Amino acid sequence: MLLASGALVGAAAMMVHLGQTLDLGKFGLGSGRQSVVVVMSRDGGLIFGGDDDARTRTSSSLANRGLSQVQLAKFRGSDRQWSRLVRCVRDRYAQYDVQIVEQPPAVGDYVLAMVGGPPRQLELEKTVGGLAPHNGSVISDAVVFVFQTRGSKVSELCQTTAHEIGHTLGLDHTRLCSDIMSYERCGPKRFRDQHARCGEWSDRDCDVGDSHQNSEQLIAQAVGYRRDPDRTPRRRPLALARR
Ligand SMILES: [Zn+2]
């Protein structure tokens, strides 16, 4: 997932990631630290254009492209591949207060990550890997798209998914090639704890006005670190405890 040409066009920013991603900006919602739930869906189906609202499957990205609705294709792959993908995305967000799940929570906001189908279903170039709204702060009810083309590897889909979710947490693109928010490739990517210039293929200021972005710290600032409810304190064996 890489961008070949990126352009930030005013407030309604539109960034074209050749090789993977296109992001349409949306300003004015949300800020401050908050837990975020992300529902990954492989089921495809109807998505509507409008203000972002994952629960009603409504997407500002579609609206910004002048699309009133789109019938998305399902993820093409085995259960095992899907499980690998979900695990991989969870791993990328493991330390943050971001829950990656497959079923919508009964109440509350969530980000909906639709995985499947080619970019042409959103009338995008075949080199576009994903699409997400982005406004420099958390958009907790966003709909993001991760496109799947013939030959898409789970590792690539994982990277694209993590990248697009990153935009909904307020992240811009960086020039640090090992950072998930970078278009460029130089091996495995993570959210890096390093100050990097923003930009796609050349340096620019970040869209929130800063000269640099530290992706790791920015996510931590936006959502905080995970307080793992599954991590129970280690106990000594009962036999020892009784002594
Ligand atoms: Zn992007």
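Participant: Requested: an account of unusual backbone geometry, with residues and values cited.
Facilitator: Residues other than glycine predominantly adopt negative phi, and peptide bonds predominantly adopt the trans conformation. With a phi angle near 55°, R57 is a residue other than glycine that sits in the positive phi range. Topologically, R57 is positioned in the loop between β4 (45-49) and β5 (58-59). Looking at R57, the number of C-beta atoms within 10 Å reads 18, which means it is partly exposed. Here E123, not a glycine, exhibits a phi torsion of approximately 60°, which is positive. With respect to the helices and strands, the residue E123 is situated in the loop between β8 (111-115) and β9 (130-134). Given 11 C-beta atoms within 10 Å, E123 falls into the exposed group.

Participant: Kindly report on the nonpolar core, identifying the contributing residues and their values.
Facilitator: Grouped burial of nonpolar side chains is what soluble globular proteins tend to show. In terms of nonpolar packing, the biggest core is built from 47 residues, with V38, V111, A113, M114 and V144 touching the most fellow members. Among the elements that take part in this core, β8 stands out by supplying five residues, more than any other.

Participant: Pulling in residues and values, what's your account of the environment of M114?
Facilitator: With respect to the helices, strands and loops of the structure, M114 is situated in strand β8. Excluding residues that lie within four positions of it along the chain, M114 makes contacts with S41, I47, L72, V143, F145 and V146.

Participant: So what about the packing of helix α2 (residues 79-92) against helix α3 (residues 154-168)? Which residues, and what values?
Facilitator: Across the interface, α2 lies against α3 with an axial gap of 9 Å and an inter-helix angle of 40°. When the interaxial angle is binned, α2 and α3 end up oblique. For the pair α2 and α3, the sense of crossing is right-handed. Contacts between α2 and α3 involve Q81, R84, L85, C88, V89 and R92 from the former and V154, L157, C158, T161 and A162 from the latter.

Participant: Summarise the pairing of β9; cite the residues concerned and give the values.
Facilitator: The element β9 is extensively covered by neighbouring structure, given that five of its five residues are classed as buried. Alternating positions in β9 separate into two faces, G130, A132 and H134 on one and L131 and P133 on the other, with burial throughout. Strand direction decides the pairing type here: β9 and strand β10 (residues 143-146), joined by two bridges, are antiparallel. Bridging from a neighbouring strand, L131 pairs with F145 of β10.

Participant: Outline the sheet that holds strand β6 (residues 69-72), supporting the account with residue identities and numerical values.
Facilitator: Here we have three strands laid out as an open sheet, ordered β5-β4-β6, and mixed in their pairing. Only two strands of the sheet have a single neighbouring strand rather than two, namely β5 and β6. Pairing analysis gives four bridges linking β4 to β6, with the strands arranged antiparallel. If you follow F48 over to β6, its bridge partner there is Q69.

About the criteria used
Here the residue numbering is sequential within each chain, running from 1 through the sequence in written order. Reporting in this predicted model follows two pLDDT cut-offs: at least 70 for local features of residues, and 80 or more for side-chain atom pairs to be given and counted; totals over whole chains, interfaces and linings ignore these cut-offs and use all residues. Numbering of helices and strands runs from the N terminus, with a helix taken as a DSSP run of H or I at least four residues long and a strand as a DSSP run of E at least two residues long. Labels follow a simple rule on C-beta atoms placed from the backbone: if 20 or more others lie within 10 Å of a residue's own, it is buried; if 12 or fewer, it is exposed; otherwise it is partly exposed. The nonpolar core criterion groups buried Ala, Val, Leu, Ile, Met, Phe, Trp, Tyr and Cys residues into a set whenever they are joined through C-beta atoms within 7 Å. We call two residues in contact whenever the C-beta atoms placed from their backbones are within 7 Å. For helices, the fitted axis covers only the stretch in contact; all axes are lines through C-alpha atoms, and the angles between them, taken along N-to-C directions, range from 0 to 180 degrees. By the definition adopted for this analysis, an angle is roughly parallel if under 35 degrees, roughly antiparallel if over 145, roughly perpendicular if from 65 to 115, and oblique otherwise. Take the far helix as your reference; a near helix turned counterclockwise from it by less than a right angle gives a left-handed crossing, and one turned clockwise gives a right-handed crossing. Between any two strands, pairing holds if DSSP finds at least two bridges.

Function cannot be inferred from these measures alone, as they are strictly geometric.
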